[in-house]
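Remarks on the overall topology
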Amino acid sequence: MALYVQKFGGTSVGSVERIKAVAEKVKRDRDAGHRVVVVVSAMSGETNRLIGLASQINEDPTPREMDMLVSTGEQVTISLLAMALHQLGVPATSYTGAQVGIRTDSAHTKARIQRIETDELQEDLDDGQVVVVAGFQGVDEEGNITTLGRGGSDTTGVALAAALNADECQIYTDVDGVYTTDPRVCSKAQRLEKITVEEMLELASLGSKVLQIRAVEFAGKYNVPLRVLSSFEEGPGTLIVADEEFESMEEPLISGIAFTANEAKLTLLNTPDVPGVASRILGPIADANIEVDMIVQNVAPAGDYTDFTFTVAKGDYKQTMRILQNDVIPALGGGDLRGDENIAKVSLVGVGMRSHAGVASKMFRVLSEENINIRMVSTSEIKISVVIDEKAMELAVRALHTAFGLDKDSIQSE
């Protein structure tokens, strides 16, 4: 008999029919002898509807009241799912995040879980009940309702699995696992049977939207086995495991290709090549809470000038341009500014890079053969990212997917 924490996202509970289907699925697992905790999101579109209502009342509502408002979406789902389970003869109790004892800090709209009080939840499980928990929310030490940020239900599920020492945390979504890349861009993408936490963290941070990155971090920190499954069809999904549990006879060189067009590039030309110039450029940007991704500084002769290039999220592009024009360039005593919003980042991810040379050179050769120019390069132990023109992004993904043996009909398929 196993203990499963099962999380169902908004599309999985998006209608009465879908909620009934979830209840049937939970009943089958319970009838098989397993203990089940279910974490649910708000019904698909509900959170956006609530945010829209708020904007009609107040264009700048306080974070506390926004948390109070949007947390109600999950409360609707937990009660409806508990009712559906009762209709099937399954004893079930629904809990909000506060009721189940999910304690967070006080950072409204982006709170972090500090601890979970599981005594009452454990008693219900011991009594044979299915426990239905509202994802995405908790309560701070002052009793205020808090939310964990978009996608926070994934984090709720993993955190509960860690607190309960569950056998597995199962994330049910509208896809049947983690793929080598987005199947909508590359039709030959294949589902991965297993992937390491480290690889999944890289993929999530580089644009893959299958899992919230904080949930993956939580799973890695507390060694929670995490499986991505489809709510709409049966299948084994993808198991996300710690590196030491990745028992493959021959680890694949590349596990996946991530990509995003949500990038913008800025270059400061003719900046003084002196100690501290990078801090003087990036300090005001950090003060504005803008995250910088890739950075390249050209090498210049001593006492000369250099070019400083970096990328930010496309939504931060205009604000970053204003900061550079109004604050940074005058402080540096001059410099020319260039910007480009029409770029994309394509990344290869794989733990196999640790023991194999030549990945970067092969990547560059493949892109060259497709006449794709590389603007910037960034590497880590298990990742290589390049910045290219946005219009070449999909071609680059497909070419690299084939070149590195990730296509369904390749010998590296599962």
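Residues numbered from 1 in each chain as written. Predicted model: local features only at pLDDT ≥ 70, side-chain atom pairs only at ≥ 80, totals over all residues. Heavy atoms only, no water.

**Details of the pairing of strand β2 (residues 35–40)**
Counting buried residues along β2, 5 of its 6 residues qualify, which places the element largely inside the surrounding structure. Where strand β1 (residues 3–8) meets β2, 6 bridges bridge the pair, whose relative direction is parallel. Along β2, the bridge assignment pairs K7 with V39. Here β2 runs beside strand β6 (residues 130–134); their pairing, made up of 4 bridges, is parallel. Considered in β6, the bridge of V40 is made with A134. (Buried < 20%, exposed > 50% of the residue type's maximum accessible area, 1.4 Å probe, protein only. Helix = DSSP H or I, 4+ residues; strand = E, 2+ residues; numbered from the N terminus. Pairing = 2+ DSSP bridges.)

**Overview of the packing of helix α12 (residues 359–369) against helix α13 (residues 393–403)**
Here α12 crosses α13 at 130°, and the two axes come no closer than 10 Å. Compared by their axis directions, α12 and α13 come out oblique. For the pair α12 and α13, the crossing hand works out as right-handed. Residue-level contacts link K362, M363, V366 and L367 of α12 to A396, A399, L400 and A403 of α13. (Axes fitted to C-alpha atoms, helices over the stretch in contact; angles between N-to-C directions. Parallel < 35°, antiparallel > 145°, perpendicular 65-115°, else oblique. Left-handed = near helix turned anticlockwise from the far one by under 90°. Contact = heavy atoms within 4.5 Å.)

**A look at the environment of K345**
Residue position: K345 is located in strand β16 (residues 336–349). Residue classification places K345 among the buried positions, given a relative accessible area of 5%. Remark: the alpha-carbon pair of K345 and A219, spanning 126 residues in sequence, is separated by 26 Å. Apart from the residues lying within four places of it in its own chain, the contact partners of K345 are L206, A258, F259, T260, E263, D293, M294, S385 and V386.

**Some thoughts on unusual backbone geometry**
Positive phi, close to 80°, is recorded for F136, a residue that is not glycine. Relative to the helices and strands, F136 is located in the loop between β6 and β7 (137–139). A relative accessible area of 8% means that F136 is categorised as buried. Despite not being glycine, N223 shows a phi value in the positive range, around 55°. Judged by its relative accessible area of 45%, N223 falls in the partly exposed class.

**With respect to helix α9 (residues 213–222)**
What α9 keeps buried is the set R214, A215, V216, F218 and A219. On its buried face, α9 is in contact with α7 (152–164), α8 (197–205) and β11 (226–230). Directly beyond the C-terminal end of α9, a positive phi value near 55° is found at N223.

**Here we look at the UniProt feature "binding site: ATP" (unreviewed entry) in the protein chain**
Under the UniProt annotation, "binding site: ATP" (unreviewed entry) lies at K7, F8, G9, G10, T173, D174, Y179, R184, K209 and V210. With the annotated positions falling across 204 residues, the maximum pairwise C-alpha distance of 24.3 Å shows that they are not confined to a single cluster. Among the secondary structure elements, F8 is positioned in strand β1. If we skip the residues at most four places from it in the chain, F8 touches V13, V22, K25, V26, V38, V39, V40, S41, Y172 and S231. Structurally, D174 is set in the loop between β9 (168–173) and β10 (194–196). (UniProt positions renumbered as here; feature names shortened; annotations may be inferred.)

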